[in-house]
Amino acid sequence: MEHLCPSPMKATSNGIFQGDNPLDFALPLAILQICLVLVVTRGLAFFLRPLRQPRVIAEIIGGVLLGPSALGRNKGYLNAIFPPKSITVLDTLANIGLLFFLFLAGLELDVKSLCQSGKKVLAIAVAGISLPFALGIGSSFILRETIAKGVDATSFLVFMGVALSITAFPVLARILAELKLLTTNVGRMAMSAAAVNDVAAWILLALAIALSGDNLSPVVSLWVFLCGCGFVICASLIVPPVFKWISRHCHEGEPVDEIYICGTLAAVLAAGLVTDIIGIHAMFGAFVIGVLVPKEGPFAGVLVEKVEDLVSGLFLPLYFVSSGLKTNVATIQGIQSWGLLVLVIFTACFGKIVGTFIVSLLWKIPKNEALALGFLMNSKGLVELIVLNIGKDRKVLNDQTFAIMVMMALVTTFITTPLVLAVYKPAEKLSKSDYKHRRIERKNPNTQLRILTCFRSSRNIPSIINLLEASRGTERGERLCVYAMHLMEFSERPSAILMVHKARHNGLPFWNKGQHSANHVVVAFEAFQQLSQVSVRSMTSISSLSDMHGDICITAEKKNIAIIILPYHKNLRLDGSFESTRPDFHLVNKRVLEHASCSVGIFVDRGLGGSAQISASNVSFSITVLFFGGHDDLEALAYGVRMAEHPGVELNVVRFLVELDSSEEIVRIDTEGTPAATVVSADEEFLAAFRTSISEDGSVKYEEKNVRDVSETITILRDYSRCSLFLVGRTPNGVVALALSQRIDCPELGPMGSLLTSPEFSTTASVLVVQQYYDNLYANSSHQMVED
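Residues numbered from 1 in each chain as written. Predicted model: local features only at pLDDT ≥ 70, side-chain atom pairs only at ≥ 80, totals over all residues. Heavy atoms only, no water.

## Topic: the overall build of the protein chain
Cut-off, in case you're wondering: Secondary structure elements follow DSSP: runs of H or I of four or more residues count as helices, runs of E of two or more count as strands, with numbering from the N terminus. Contacts: residue pairs with any heavy atoms within 4.5 Å of one another. Residue exposure ignores everything except the shown protein chains as possible cover, and the areas themselves are Shrake-Rupley values with a 1.4 Å probe.
Each helix and strand in the protein chain was counted, giving 28 helices and twelve strands. The long-range share in the protein chain, meaning contacts at least 24 apart out of those at least 6 apart in sequence, stands at 80%. Roughly 34,000 Å² of accessible area belongs to the protein chain as shown, and the carbon and sulfur atoms make up 59% of that amount.

## Digging into helix α2 (residues 55-66)
We count it as follows: Multiplying 1.5 Å by the residue count of a helix minus one yields the expected span of that helix. Relative accessible area decides the class of each residue, using a 1.4 Å probe on protein chains only: under 20% of the type maximum gives buried, over 50% gives exposed, and in between gives partly exposed.
Taking 1.5 Å of rise per residue, twelve residues should cover 16 Å, and α2 covers 17 Å from first to last C-alpha, within 8% of that figure. For α2, the tally of buried residues reaches ten of twelve residues, placing the bulk of the element in the interior.

## Digging into the sheet that holds strand β2 (residues 480-489)
What holds strands together in a sheet is hydrogen bonding between their backbones, with the strands either parallel or antiparallel. Using the following cut-off: Pairing between strands requires that DSSP locate at least two bridges from one strand to the other. Helix axes are fitted to C-alpha atoms over the stretch in contact, other axes to C-alpha atoms as well, and angles between N-to-C directions run from 0 to 180 degrees.
Overall, mixed pairing links the ten strands, which are arranged β3-β2-β1-β4-β7-β12-β11-β8-β9-β10 in an open sheet. The open sheet has two edge strands with one neighbour each: β3 (535-543) and β10 (700-707). The mean angle between the axes of side-by-side strands here comes to 20 degrees, regardless of whether they run parallel or antiparallel. Here strand β1 (residues 449-455) runs beside strand β4 (residues 563-567); their pairing, made up of three bridges, is parallel.

## Some words on the pattern of salt bridges
Spelled out, the test is: Put simply, a salt bridge is a Lys or Arg side-chain nitrogen that is within 4 Å of an Asp or Glu carboxyl oxygen.
With the rule as written, the count across this model stands at nine salt bridges. The partner of Arg55 in a salt bridge is Glu59, with the nearest N and O atoms 3.6 Å apart. You can see Arg55 and its partner Glu59 sitting in helix α2, four residues apart, about one turn around the helix. We classify Arg55 as buried; its relative accessible area is 15%.

## Topic: the side chain of Asn589
On the secondary structure map, Asn589 appears in helix α22 (residues 584-595). Classification of Asn589 as buried rests on a relative accessible area of 4%. Those residues within four positions of Asn589 in sequence are excluded, and the remaining contacts are Leu566, Pro567, Tyr568, His569 and Ile602.

## Thoughts on the nonpolar core
Quick note on the threshold: Residue types Ala, Val, Leu, Ile, Met, Phe, Trp, Tyr and Cys, when buried and joined through side-chain atoms within 4.5 Å, form a set referred to as a nonpolar core.
Core analysis: the biggest nonpolar cluster contains 145 residues, and Phe82, Phe103, Trp202, Leu205, Met283, Phe299 and Ile386 have the highest contact counts within it. Top element by residues in this core is helix α9 (residues 185-211). It accounts for 15 residues. What Leu205 contacts, discounting residues up to four positions off in sequence, is Phe159, Val162, Met283, Phe284, Val387 and Ile390.

## Points about the packing of helix α14 (residues 334-362) against helix α17 (residues 399-423)
Heads up, the condition is: Oblique is the label for every angle not falling under 35 degrees (roughly parallel), over 145 degrees (roughly antiparallel), or within 65 to 115 degrees (roughly perpendicular). By convention, the crossing between two helices is left-handed when the near helix turns anticlockwise from the far helix through less than a right angle, and right-handed when the turn is clockwise. The classification used treats Ala, Val, Leu, Ile, Met, Phe, Trp, Tyr, Cys and Pro as nonpolar, Asp, Glu, Lys and Arg as charged, and all other residues, Gly among them, as polar.
Where α14 meets α17, the axes come as close as 9 Å, and the angle between the chain directions of the two elements is 45 degrees. The orientation of α14 relative to α17 falls into the category oblique. The two elements α14 and α17 cross, and the hand of that crossing is right-handed. Of α17, the residues touching α14 (which contributes Ser337, Leu340, Leu341, Val344, Ile345, Ala348 and Cys349) are Gln400, Ile404, Met405, Met407, Met408, Val411, Thr412 and Ile415. Residues belonging to the contact of α14 with α17 are distributed by class as follows: twelve nonpolar, three polar and no charged.

## Describing helix α1 (residues 26-48)
Relative to the 33 Å expected for 23 residues at 1.5 Å per residue, α1 spans 33 Å between its end C-alpha atoms, a close match to the ideal helical length. Of the positions making up α1, those classed as buried are Ala26, Leu29, Ala30, Gln33, Ile34, Val37, Thr41, Ala45 and Leu48.

## Looking at the confidence of the model for the protein chain
Our working rule: The predictor rates its confidence in each residue with pLDDT, a number between 0 and 100.
Summary statistics for the protein chain give a mean pLDDT of 82 and a share of 86% for residues scoring 70 or more. Between residues 662-674, whose pLDDT stays under 50, and residues either more than four places distant or in other chains, the model counts 13 contacts. Note that pLDDT drops below 50 for residues 776-788; the model gives that stretch 20 contacts with residues more than four away or on any other chain.

## A look at the state of the cysteines
Rules: When two cysteine sulfur atoms are found within 2.5 Å, that pair is recorded as a disulfide.
This model, assessed by the stated rule, comprises zero disulfides. Here Cys229 stays free of any disulfide, with the sulfur of Cys227 as its closest cysteine sulfur at 9.3 Å.

## Considerations on unusual backbone geometry
Of note, the phi angle at Lys395 is positive, near 60 degrees, even though the residue is not glycine. Here Lys395 shows up in the loop between α16 (382-393) and α17. The exposure class assigned to Lys395 is exposed, which follows from its relative accessible area of 65%. With phi around 55 degrees, Asn560 is a residue other than glycine that occupies positive phi space. Structurally, the position occupied by Asn560 is in the loop between α21 (548-558) and β4. Assessed through its relative accessible area of 37%, Asn560 is described here as partly exposed.

Following this line, the structure appears as structure tokens:
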């Protein structure tokens, strides 16, 4: 038997020039394995993205493909890349990754919010565990009679029950984000129920591990279980006070001391060591520490940032390959094996979906929501693989049973997204119901103005509130209704789940009154709502950047918004120039401009009103509207006219007229294909009404400037560079605007916006670039609008 024992591998080679084969040494082989795993899993994730599948699907399939089921059929490949002697090193790295992933999973679970879940969520969670668990026990008897003869009955029974009753909480969160259900009732219930389910599954798994093992004495199992309980109790008494003390020494916006991070990671490893000594599994200790770390304050977020990319990106895929190397689909052969696979998949799906569906109906949840909940709770993932791997290592599951269970996990997770989409579609695009006020320019200016303002971080909130204060117009606050949308990017990272918890905590969409980190946001918006008597309603968009524009446009249509105000994708630097920290948001703005069913403004913030919110009585803004002509310039002027109603706003309207030689004849066609004459008449009509209305208003000035070229235009603009805010149209009409468009840096800002934000134009004024909602149907009906 000696020749079967692989010889131990040395860590590093001397290189091929000295006659060494690097693949015979542990480190170069591990590096090759990691690189191969990353290429395969990320490649599969890219191809599966159009199917809206979570990354875990690609990682499970990648693991199976690299194992004996597919590529591993070639023995030369398997012995070269994954030789038996390398498996120990691979498994060790994979388990270290798993250890820290489980720590992050524990950080995701907020025990306080679980305790406040309510009876409905608890009932759904219990139903989603108990029926599949019972059916798992039933199917275990059939499996033991056929392909799993000779295994310990009790531990096999519990492992099968746990494997079928699990819901993968992290996977579910990503599916909900992909389907835009995170902030819906279904999403909230599914997240809470899955979290309860997760905790119950870990407790059941601890029980299953305690019951399994080489020593079948019930006294040993009892000792393992009791020591595990003792560890949890001791950790509950020691860990929270220590981490609360650490949290108090970590302040928002300041770097966390390296010794706290290092101490926490050491504590995670130490807890893993203790639970491994007890005989449960090292990952339980890590999970318990994660659950017990307080979620308040910046420390939990910093921990996740430090650990998540290395763990989720590098180490965790190794765990899927480690599972894949143990999975041989070829062992599922014959009618009996395939029949058992179908039975296990049916049992798993039936138990989860029917159990959740029936209890949901008893709680008077609509049928389509109840069915969607059932499908969502049926998603498996990494947690399922952990259970199966432990069962395989403990010899509770043989090769054939293991392969069947891995296939079951893959199928149940894969079908979740299409099934939910088939029965529940709350985020469908609304029909183009002609709500009246899709823009600021309107027949009756006294109707309510609805603004959807979006922000990515708290840095621009004072300026946004000052802009909204100026938009309030007259003292009658009910004329302005504001929807404040926090744009939150949802990624594959564990920190995205923490973000969702914060977003949903206490039912508040994007702030949590119990969190000091967000207090300045709360204070700012609440103060604005109370002082200005303006209706402010908050909401959150939690989605990937590729879908974020859809959230914004659908919300605008649902809420009958007149104008969406988006933040510019670049941030202001101390020297007055702009830098792009997240160029991806550039695409979000571009798509909103293309798809919005109302007017859109892009707000380039240079600190409007300073770094603090200004009270209504202290507002003193000088606002300049640059008018060349066209729909967008009309919208900018209409917005300026509304702002001029505010007692603290002084408005300057500068109309640019082009001096042309009499010999020149210019035919203009605007972007919508409407003849220029129509646009000119609309401009003149609006300007005539505007000049009549301002004849007695000293805070509004109207000037006309004759210009011949771009340089003259820029010279005039410099005279107004000391104002607070420029209001400009995105696509102005005219020869000068056309000449300026040759030097556009950012198409979303148009020629004037690009000029006013360029380094060569020195100003401290913020800029709002406006695009008017315009289509021919709206244009034809706008003159016959029914006044409110």
